[in-house]
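For reference, the chains in residue letters:
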Amino acid sequence: MPLDASRTDSGDAMTGGTVLLLIILGGALIYAARVMKRRRRRAALMAAPLDERRRAIIAQRIPLYRKIPLYLRSRLDGLINRFLDEITFVGRDGFDVTEETRVVIAAQACLLIMNRPDRWFPTLKSVIVYPAPFKSKAKKFDGFVERGETSVHSGESWKRGPVVLAWDRAAYGALVDDDGHNVVIHEFAHQLDEATGVSDGAPLLDKDQSAARWGRVFQASYERLRRNVQTGRPAVFDAYGASAPAEFFAVAVETFFEKPQAMKAEEPQVYEELTLYFGFDPARW
Ligand SMILES: [Zn+2]
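Right, let's walk through the structure included here. (Residues numbered from 1 in each chain as written. Predicted model: local features only at pLDDT ≥ 70, side-chain atom pairs only at ≥ 80, totals over all residues. Heavy atoms only, no water.)

## Concerning the overall build of the chain
Inclusion rule: Every helix listed is a DSSP run of H or I at least four residues long, and every strand listed is a run of E at least two residues long, numbered separately from the N terminus. Put simply, the radius of gyration uses C-alpha atoms, and a globule should come to 2.2 Å times the residue count raised to 0.38. Each residue gets one of three labels from its accessible area relative to the maximum for its type: buried under 20%, exposed over 50%, partly exposed in between, using a 1.4 Å probe on protein chains only. Think of it this way: Lys and Arg go in the positive column, Asp and Glu in the negative one, and His and the chain ends go nowhere. Here the site of a charge means NZ on Lys, CZ on Arg, CG on Asp, or CD on Glu.
Counting its secondary structure elements, the chain contains 11 helices and six strands. Taken over C-alpha atoms, the radius of gyration comes to 24 Å for the chain, far larger than the 19 Å a tight globule of 285 residues would show. C-alpha extents for the chain along the principal axes are approximately 95 × 45 × 40 Å. The buried share of the chain, reckoned over its 285 residues, is 46%. Taking the 40 positively charged and 37 negatively charged side chains of the chain as two groups, their mean positions are separated by 2 Å.

Take a look at the structure:
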């Protein structure tokens, strides 16, 4: 009997071990299958052209799109498809999120990553949309503050959280693409900056870029803007950029897209750094 008992124990132990191994293996296979499926889905979305409806919305609402070189436009189209597939849009204050809302926001956000295949908004899951500038009581966020009303915002970007936007400002920013202001570009620049875990105006750079040079160039330009704001001297960058290095980066990115010629003339080094970072030169468009 003891012998038999010992055999039984050994058999049970082997069976238990095998079952555990099978569970782990099964789990790994399911995970691998999911990853493969997601990769295939993304590849298909990236390769697909925009459908007619999305194309029409962009043609009507985002004049900048027409200026973008063709080779970049096809990549942008794929990114818009992916963004609309993966990011959830939520309306607040009774705002009804439509395909138009989604496309206008997605297209502007994806401008920032259209020539860097490895870049994405890694922690973003959702975009919250208000009909108009909204009041926010949170103190931690890094917002685009409305002049004179510090608690009213047209956009916010939360670290490891959503982007929050006022639809009227997001739509206006898309339509008027040469006034240096674009709340969607501003907030998604914050998302890129915050992907490092710190919101300091120093995003993860392209491999060919020098972090030391970036730091030197941005610091000097930031201090120049602060002096200009103090003395009332006009500058290509909006005065809001003088409030913090993270805001300076977001404002510089807005200016890069909206006033590239003027920025290149006035702040050539910051312009050059952003050209390297994004992988294109809007002054040529
Ligand atoms: Zn900001």
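Read on for the rest.
## Brief notes about the packing of helix α5 (residues 99-111) against helix α6 (residues 167-175)
The relative placement of two packed helices is expressed as an angle between their axes plus a distance between the axes. Going by this rule: Angular values range over 0 to 180 degrees, each being the angle between N-to-C directions of two axes fitted as lines to C-alpha atoms, with helices fitted over their stretch in contact. Throughout this description, any angle smaller than 35 degrees is read as roughly parallel, any larger than 145 degrees as roughly antiparallel, any in the 65 to 115 degree range as roughly perpendicular, and the remainder as oblique. Whether a crossing is left-handed or right-handed is set by the direction in which the near helix is turned from the far one by less than a right angle, anticlockwise for left-handed and clockwise for right-handed. Between two residues, a contact is recorded if the distance between any of their heavy atoms is within 4.5 Å.
Between α5 and α6, whose axes approach to 10 Å, the crossing angle comes to 55 degrees. Compared by their axis directions, α5 and α6 come out oblique. Every pair of crossing elements has a handedness; the one defined by α5 and α6 is left-handed. Each of Glu100, Thr101, Val104, Ile105 and Gln108 in α5 lies in contact with α6, whose residues at this interface are Trp167, Ala170, Ala171, Gly173 and Ala174.

## Description of the nonpolar core
For the record, the criterion: Throughout, nonpolar core names a set of buried Ala, Val, Leu, Ile, Met, Phe, Trp, Tyr and Cys residues whose side chains join them through atoms within 4.5 Å.
Ranked by internal contacts, the top residues of the largest apolar core, which has 69 residues, are Phe83, Phe188 and Leu274. Every residue in contact with Leu274, bar those within four places of it in the chain, is listed here: Trp214, Phe218, Phe249, Ala252, Val253, Phe256, Met263 and Gly279. Membership of the second largest hydrophobic core comes to five residues, among which are Ile128, Tyr130, Val164 and Ala166.

## Regarding empty space enclosed by the protein
The criterion, for reference: Detection works on a 1 Å grid of protein atoms alone, calling trapped sets that fit a 1.4 Å probe cavities and calling open sets with protein on both sides within 12 Å along at least five of seven lines pockets, with lining residues defined by an atom within 4 Å of a point. Grid points are joined across faces, edges and corners, and a volume is the space filled by probe spheres set on the points. Ten residues, namely Ala, Val, Leu, Ile, Met, Phe, Trp, Tyr, Cys and Pro, are considered nonpolar, four, namely Asp, Glu, Lys and Arg, are considered charged, and the remaining ones, Gly among them, are considered polar.
Per the stated rule, a full pass over the model turns up three cavities of 30 Å³ or more. Of the voids in this model, the largest cavity is the one considered here, and its volume is about 50 Å³. As for the largest cavity, its lining consists of Ile62, Leu64, Gln108, Leu111, Gly173, Ala174, Asp177, Asn182, Ile185, Phe257 and Glu258. Its residues assigned to classes, the lining of the largest cavity comprises six nonpolar, three polar and two charged.

## As for the side chain of Ser136
The following threshold applies: Any pair of N or O atoms that falls within 3.5 Å is considered a polar contact. Within protein, one atom must be able to donate a hydrogen and the other to accept it, and sequence-neighbouring residues count only if both atoms are side-chain atoms.
Tracing the sequence through the fold places Ser136 in the loop between β3 (134-135) and β4 (142-146). Among the residues examined, Ser136 registers a relative accessible area of 16% and is labelled buried. There is a polar contact of 2.9 Å between the side chain of Ser136 and the side chain of Glu156.

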